[in-house]
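This is what each chain is made of:
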Amino acid sequence: MKILPGIIFSLLLLITGTDRIQAQAGDSSKFHIAVFLPLYLDSAYDASGNYRFDQNFPKYLNPGLEFYEGLEMAMDSLRKKMASLDVTVYDTRSSSKSIQQMLDEPGFSKMQLILGYVNAGDLRMLAAAAKNREIPFVNVNFPNDGGVTGDPEFVILNSTLRAHCESLYKFIQRNWATSNIYYVRRATQDDDRLRNYFAEIEKSTASVPLRMKLVILNNNQDLSQITASMDSNSKTIVLVGSLDENFGKAVCAKLQPFAKSYPMKILGMPTWDAVTDFNAPAYTDLEIYYTTAFYLNPADSLVSQIQQTYKTRFYSRPSDIVYRGYETTLHFGQLLELHKGHLDGSVGERKFKVFNDFDIQPVFTNALPGQVLTLQYLENKKLYFLKKVNGNVVAVY
């Protein structure tokens, strides 16, 4: 991949800016945000400041840099709003300084909000620091609690798999509770985990539990258990309980020959968002549904504006991570300023929507009757249902 001028600009700005981005000249009246990103600046440049990879650009540099590019555009927007914000960027892949050393720096003591594009190890360290300082830590990408419990400052923005399962179950309850519903899975440990989630949700539902017929597929087994009972006068609902994209695609392909003759809905996991070939003939006319925590409406004028700005500045199209960097910085930055640097219980306040309607709710432990509920963390519970036909998104719920 040839390096684009905009990418060089971003990397140089990070190098020469000593990891600091400020809305205005720093002073004590500003509100402070720490952003932790995997930038790999030390591996990208040698001690003399020369770029190591000539005309190439390693893919592992993309996530952190793209998030930073979105953050940079958000800061431009905040400057126009005369925001009193000071943002400090930390490179979690620095070879000269550990995350703990960054957290122990005197400058970190004034931080009032942490945003992080993290892995499980980063997550635990930042969550502990946030809890100790009693400031929110927003995990913007990792769809897992990473083993963090009992932390009211920890926010999971990219909803957990269990949250997706809860939304899928309720979606079917609202729309097709009386239809013929099939739950299709493989006989694997990964699929056991999903099935256990749905079993727990079924036990705790406040509504009438769904009557789902279990279908376990092995190897190239057909779907005759489903297709033999299809009725042209009633809907057939197929919920694919597996994160394996190839398995999901195989199930859809096996059902496709029946799509025109029998009304059918196929629902899958959030991993289906990465499937790019639902427009292939093997899936013609199928109604495919899946969930996502982040949806970019192509008709949104702000989406188009960022796309054009990014193209002008970086000579390419922005990725989803760029939009994530823009959205989280702008949304939570404005919330922090509104509450004068003390978000406390206001991190989930539904103001300053950018692209998505975040619905940040507390998650409690499952307690027996009479036991006290314990807050584990906060999580974005707003999930979008995308309906695809012939590879095109035809509806969003």
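As shown above, the structure is provided for reference.
Caption draft 1: Molecular detail of the overall build of the chain. The helix and strand inventory of the chain stands at 11 helices and 15 strands. Its C-alpha atoms give the chain a radius of gyration of 23 Å, near enough to 21 Å, the size a compact globule of 397 residues would have. Principal-axis analysis of the C-alpha atoms places the extent of the chain at approximately 70 × 60 × 35 Å. Restricting to contacts in the chain with at least 6 residues of sequence separation, those with at least 24 account for 69%.

Caption draft 2: Structural view of the state of the cysteines. The tally for this structure, following the rule as stated, stands at zero disulfides. The structure places no disulfide on Cys252, whose sulfur is separated from the nearest cysteine sulfur, that of Cys165, by 17 Å.

Caption draft 3: Structural context of the pattern of salt bridges. Throughout the structure, instances matching the rule amount to 19 salt bridges. Of the charged contacts, one joins Asp122 and Arg93 as a salt bridge, the two residues approaching to 3.0 Å between their closest N and O atoms. Pair noted here: Asp122 is in helix α5 (residues 120-133) and Arg93 is in the loop between β3 (85-91) and α4 (99-104), with a separation of 29 residues, a long-range link. Given the relative accessible area of 6%, Asp122 is considered buried. Look at Arg93 and you get partly exposed, because its relative accessible area is 23%. Of the charged contacts in the structure, one is a salt bridge between Asp244 and Arg186, with a shortest N-O distance of 3.6 Å.

Caption draft 4: Looking closely at the pairing of strand β8 (residues 212-217). Pairing geometry for strand β7 (residues 180-186) and β8, over six bridges, is parallel. Its bridge partner being in β8, Tyr183 is matched across the sheet by Leu214.

Caption draft 5: Seen up close, helix α10 (residues 301-314). With 14 residues, α10 extends 20 Å between its outermost C-alpha atoms, agreeing within 8% with the 20 Å of an ideal straight helix rising 1.5 Å per residue. Regarding α10, its N-cap is Asp300, as a side-chain oxygen of that residue lies 2.8 Å from the backbone nitrogen of Leu302 further along. With its phi angle positive at about 60°, Tyr315 sits one or two positions after the end of α10.

Caption draft 6: Representation of the side chain of Thr227 within the structure. If you trace the backbone, Thr227 turns up in helix α8 (residues 224-227). Setting aside chain neighbours within four positions, we find Thr227 in contact with Leu255 and Phe258.

Caption draft 7: Focus on the environment of Pro152. Here Pro152 lies in the loop between β5 (137-139) and β6 (154-156). C-alpha of Pro152 to C-alpha of Val240: the two residues are 88 residues apart in sequence and 33 Å apart in space. Ignoring sequence-local partners within four residues, the contact set of Pro152 consists of Leu375 and Leu378.

Caption draft 8: Geometry of the sheet that holds β7. Strand order across the open sheet formed by seven strands is β8-β7-β9-β10-β11-β14-β15, with mixed pairing between neighbours. Looking at the sheet topology across the chains shown, the edges are occupied by β8 and β15 (392-396). Averaged over all adjacent pairs, the angle separating strand axes in this sheet is 30°, with direction ignored. Relative to strand β11 (residues 288-292), strand β10 (residues 264-268) runs parallel, the two sharing three bridges.

Rules used throughout
Residues numbered from 1 in each chain as written. Predicted model: local features only at pLDDT ≥ 70, side-chain atom pairs only at ≥ 80, totals over all residues. Heavy atoms only, no water. Helix = DSSP H or I, 4+ residues; strand = E, 2+ residues; numbered from the N terminus. Rg over C-alpha atoms; globule rule 2.2 N^0.38 Å. Contact = heavy atoms within 4.5 Å. Disulfide = S-S within 2.5 Å. Salt bridge = Lys/Arg side-chain N within 4 Å of Asp/Glu carboxyl O. Buried < 20%, exposed > 50% of the residue type's maximum accessible area, 1.4 Å probe, protein only. Pairing = 2+ DSSP bridges. Expected span 1.5 Å × (residues − 1). Polar contact = N/O pair within 3.5 Å; in protein donor to acceptor, adjacent residues only side chain to side chain. Axes fitted to C-alpha atoms, helices over the stretch in contact; angles between N-to-C directions.

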